[in-house]
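# Structure at a glance
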Amino acid sequence: MREKRYLLFDLDGTLTDPKEGITKSVRHALEHFGIHVKELEQLTPFIGPPLTDSFESFYGFTHEQALEGVRVYREYFSVQGWRENREYAGIREMLEALKCAGLSLFVATSKPEVYAKRILDYFSMTEYFDFVGGADLEGKRVRKADVIRYTLAGAGLGEDGGILKQAVMVGDREHDILGAKAVGLASVGVLYGYGSRGELEAAGADAIVETPRELAQLFVEL
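Residues numbered from 1 in each chain as written. Predicted model: local features only at pLDDT ≥ 70, side-chain atom pairs only at ≥ 80, totals over all residues. Heavy atoms only, no water.

The next thing to look at is the packing of helix 1 (residues 19-32) against helix 3 (residues 63-77). The contact between helix 1 and helix 3 brings their axes to 8 Å, and the two run at 130°. With respect to helix 3, the axis of helix 1 lies oblique. Seen from above, helix 1 lies across helix 3 with right-handed handedness. Where helix 1 approaches helix 3, its residues Gly21, Ile22, Lys24, Ser25, Val26, His28, Ala29 and His32 are matched on the opposing element by Glu68, Gly69, Arg71, Val72, Tyr73, Glu75, Tyr76 and Phe77. The residue makeup of the contact of helix 1 with helix 3, split by class, is 7 nonpolar, 5 polar and 4 charged. (Axes fitted to C-alpha atoms, helices over the stretch in contact; angles between N-to-C directions. Helix = DSSP H or I, 4+ residues; strand = E, 2+ residues; numbered from the N terminus. Parallel < 35°, antiparallel > 145°, perpendicular 65-115°, else oblique. Left-handed = near helix turned anticlockwise from the far one by under 90°. Contact = heavy atoms within 4.5 Å. Nonpolar A, V, L, I, M, F, W, Y, C, P; charged D, E, K, R; others polar.)

What follows covers the nonpolar core. Membership of the largest hydrophobic core comes to 50 residues, with the highest contact counts inside it found for Phe9, Phe55, Leu95, Phe129 and Leu215. Element by element, the count of residues in this core is highest for helix 3, at 5 residues. (Core = buried A, V, L, I, M, F, W, Y, C linked by side-chain atoms within 4.5 Å. Buried < 20%, exposed > 50% of the residue type's maximum accessible area, 1.4 Å probe, protein only.)

It is worth spelling out the environment of Ala135 at this point. Within the fold, Ala135 resides in strand 5 (residues 131-135). Overall, Ala135 belongs to the buried group, its relative accessible area being 3%. For the pair Ala135 and Val147, spaced 12 residues apart in sequence, the C-alpha separation works out to 6.4 Å. Every residue in contact with Ala135, bar those within four places of it in the chain, is listed here: Thr109, Ser110, Lys111, Pro112, Glu113, Arg141, Val142 and Val147.

Let's shift gears to the sheet that holds strand 1 (residues 6-9). The strand order across the open sheet formed by 6 strands is 5-4-1-6-7-8, and the pairing between neighbours is parallel. Lying at the two open borders of the sheet, with one neighbouring strand each, are strand 5 and strand 8 (207-209). Direction aside, neighbouring strands of the sheet carry axes that sit 25° apart on average. Pairing analysis gives 4 bridges linking strand 1 to strand 6 (residues 167-171), with the strands arranged parallel. The partner of Leu8 across the bridge, within strand 6, is Met169. Its contacts with the sheet put helix 5 (residues 113-122) on strand 4 (104-112) and strand 5, and the angle it makes with strand 4 is roughly 125°. (Pairing = 2+ DSSP bridges.)

It is at 9 Å that the axes of helix 2 (residues 51-59) and helix 3 come closest, and there the two elements cross at 125°. Relative to helix 3, the element helix 2 is oriented oblique. Considering how the two elements wind past one another, helix 2 and helix 3 form a crossing that is right-handed. Counted together, Leu51, Thr52, Phe55 and Glu56 of helix 2 and His63, Ala66, Leu67, Gly69, Val70 and Tyr73 of helix 3 form the full contact between these two elements. For the contact of helix 2 with helix 3, the class distribution of residues is 6 nonpolar, 3 polar and 1 charged.

Further remarks concern unusual backbone geometry. What is expected of a backbone is that most residues other than glycine have negative phi and most peptide bonds are trans. Residues other than glycine seldom take positive phi values, yet Ser124 does so here, at roughly 55°. Residue position: Ser124 is located in the loop between helix 5 and strand 5.

On to the environment of Gly171. Its location among the elements puts Gly171 in strand 6. For Gly171, a relative accessible area of 0% translates into the label buried. On a C-alpha basis, the gap between Gly171 and Arg118 in space is 20 Å, while along the polypeptide they are 53 residues apart. Setting aside chain neighbours within four positions, we find Gly171 in contact with Asp10, Thr14, Asp176, Val188, Gly189, Val190 and Leu200.

What follows covers the packing of aromatic side chains. Applying the stated rule across the entire model yields 13 aromatic pairs. Ring geometry for Tyr88 versus Tyr192: centroids 5.0 Å apart, planes at 70°, classification edge-to-face. With Tyr88 in the loop between strand 3 (86-87) and helix 4 (91-100) and Tyr192 in the loop between strand 7 (186-190) and helix 9 (197-203), this residue pair connects regions lying 104 residues apart in the sequence. An identical accessibility class is assigned to Tyr88 and Tyr192; each is buried. (Phe/Tyr/Trp six-rings, centres within 6.5 Å; stacked < 30°, edge-to-face > 60°.)

Attention now moves to the pairing of strand 4. Buried residues dominate strand 4, accounting for 9 of its 9 residues. Relative to strand 5, strand 4 is paired through 4 bridges, and the arrangement is parallel. Bridge pairing in strand 5 places Phe106 opposite Phe131. Between strand 4 and its parallel partner strand 5, the chain crosses via helix 5, and the hand of that crossover is right-handed. (Right-handed = clockwise from strand over helix to strand, strands pointing away.)

Laid out in structure tokens, this is it:
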């Protein structure tokens, strides 16, 4: 991984831990449909994948119901859920090390871009990233591969073969790894988020690390 120059980071479960805000927002949406969830822990599988997919696969929603679920989810998330978040220990030191080594850092998240930027500003992390790419609010750009392509284009990198060989996607769930593969990027899975080693291995991650420090050590000398 020492030859990589362009690092794309997932946000939820990779840079920050959004568990409280996301699970409370999902609970708010489910209440709208008369579904009552007592333990927020039951809703952690919603962290990472596109929300419509999760509503459909976990609760059997039709696509129309899933879209309505996302709308109601945002009623809570846009007001307070986005703040119910915390920075992972060691993340800032990792970003500092990578930036000081001259690597270019980007965010590629399935979270709507407007919220991603708001969260990064809230944690004073925006300065580390050359471009922040996220989903749109209309649901046209939510698949990880689409977000990665959008981020590469927005960063002025495009999908040139030489550039792709120097780029890597970093994330905690299988859709980060699968999205990277679809575009032709290498990928690194992190275990401090919400994906398991088995999930990341099955998806074909090129490397798997347990901590932000280990992540930095893949790319630079510490």
